[in-house]
Amino acid sequence: MKYYKDLALRMALAIALGTFYNAYYVVFKPLTLSLSYLFLKMMDGSAILLDGKIVTATHTLTFIDACVAAAAYLLLSMLILTTKDIAWKNRLKMFMYGSLLILIFNVARIEILFLALFRLDYSTYSALHLFIWKFLSTIYVFCVWVLLIRMFKVKTIPVYSDFAQILNYVKKK
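Keep in mind the model is a prediction, meaning the values are calculated, not measured.

**What to know about the layout of surface pockets**
Here the largest pocket defines a volume of roughly 340 Å³. Residue lining of the largest pocket: 16 residues in total, with Thr-62, Ile-64, Cys-67, Tyr-125 and His-129 positioned closest to the centre. The set of elements that each furnish at least two residues to the lining of the largest pocket consists of β3 (60-62), α4 (88-119) and α5 (122-151). Ranked by the residues each element gives to the lining of the largest pocket, the list is headed by α4, at five residues. Of the residues that constitute the lining of the largest pocket, the class distribution is twelve nonpolar, three polar and one charged. What lines the second largest pocket is a set of 17 residues, among which Ala-69, Ala-71, Ala-72, Trp-133 and Ser-137 lie closest to the centre. Within the residue set of the lining of the second largest pocket, elements represented by two or more residues are α3 (70-81), α4 and α5. Looking at the lining of the second largest pocket residue by residue, the classes come out as twelve nonpolar, three polar and two charged.

**Brief notes about the packing of aromatic side chains**
One pass over the full model with this rule turns up ten aromatic pairs. When the ring of Tyr-122 is compared with that of Tyr-125, the centres are 5.6 Å apart and the planes differ by 45°; the resulting orientation is tilted. Residue Tyr-122 and its partner Tyr-125 are located together in helix α5, separated by three residues, close to a single helical turn. Classification of Tyr-125 as buried rests on a relative accessible area of 15%. Members of the aromatic cluster, each reached through a chain of ring pairs, are Tyr-3, Tyr-4 and Tyr-169. Directly above the aromatic system of Trp-133 lies the positively charged group of Lys-134, at a separation of 4.3 Å from the ring centroid.

**Points about the packing of α3 against α5**
One way to put it is that α3 packs onto α5 with a least axis distance of 11 Å and a crossing angle of 35°. Between α3 and α5 the crossing geometry is right-handed. Contacts between α3 and α5 involve Ala-72, Leu-75, Leu-76, Leu-79 and Ile-80 on the former and, on the latter, Val-141, Trp-145 and Leu-148.

**Observations concerning α3**
End to end, α3 covers 16 Å across twelve residues, agreeing with the expected 16 Å (1.5 Å per residue, within 8%). α3 sits mainly inside the fold: nine of its twelve residues count as buried. Those residues of α3 not exposed but buried are Ala-70, Ala-72, Tyr-73, Leu-74, Leu-76, Ser-77, Leu-79, Ile-80 and Leu-81.

**Section: the pattern of salt bridges**
A side chain of one charge can pair with a side chain of the opposite charge if their charged atoms are brought near each other. One pass over the structure, following the stated rule, counts four salt bridges. For Arg-10, the salt bridge goes to Asp-6, with nearest N and O atoms at 2.9 Å. You can see Arg-10 and its partner Asp-6 sitting in helix α1 (residues 2-19), four residues apart, about one turn around the helix. A salt bridge links Asp-65 to Lys-29; the shortest N-O distance between them is 3.0 Å. Of the two residues, Asp-65 is situated in the loop between β3 and α3 and Lys-29 in helix α2 (residues 23-43); the sequence distance between them amounts to 36 residues. What emerges from the salt-bridge pattern is a single network uniting Asp-6, Arg-10 and Asp-162.

Parameters and conventions
- Residues numbered from 1 in each chain as written.
- Predicted model: local features only at pLDDT ≥ 70, side-chain atom pairs only at ≥ 80, totals over all residues.
- Heavy atoms only, no water.
- 1 Å grid on protein atoms, 1.4 Å probe; cavity = no way out; pocket = protein on both sides within 12 Å on 5 of 7 lines; lining within 4 Å.
- Points joined across faces, edges and corners; volume = space filled by probe spheres on them.
- Helix = DSSP H or I, 4+ residues; strand = E, 2+ residues; numbered from the N terminus.
- Nonpolar A, V, L, I, M, F, W, Y, C, P; charged D, E, K, R; others polar.
- Phe/Tyr/Trp six-rings, centres within 6.5 Å; stacked < 30°, edge-to-face > 60°.
- Buried < 20%, exposed > 50% of the residue type's maximum accessible area, 1.4 Å probe, protein only.
- Lys NZ or Arg CZ within 6 Å of the ring centre and 35° of its normal.
- Axes fitted to C-alpha atoms, helices over the stretch in contact; angles between N-to-C directions.
- Left-handed = near helix turned anticlockwise from the far one by under 90°.
- Contact = heavy atoms within 4.5 Å.
- Expected span 1.5 Å × (residues − 1).
- Salt bridge = Lys/Arg side-chain N within 4 Å of Asp/Glu carboxyl O.

Shown next, in the form of structure tokens:
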């Protein structure tokens, strides 16, 4: 019975996080914008932060919601919540470590794109941006997940392990 309460709680949290997806922006947008600005300010002393935009002597960089990578944090949350046999304390640690790794990667991605925008032509910048956004970011989140399951010695598979346990229970009845 304890397992089913845990499962219900995990699924309720997963649904709530998916429903209130904008909460990730509330937390991670200011962090990502501020860190991106601080690193750019170190490279370009003329940079200023103004109304969610980073303004340099040559560019005005509009920081849109997609820059936050909220989908990566949501995916991490969903992977953690849909994986059985993880203690709640470890779930929280996994989310904190994973989020920190995603934040570091995301800020580094933004800084690399800033440099590309300032030093390359726009079409090269745009191609690099799409490559990092569509391809490299997805691989990175997967690698973060693999690192976390190894660090925390997780032996179960998201969704599948719960489904298999429920199916096994139904077969026994």
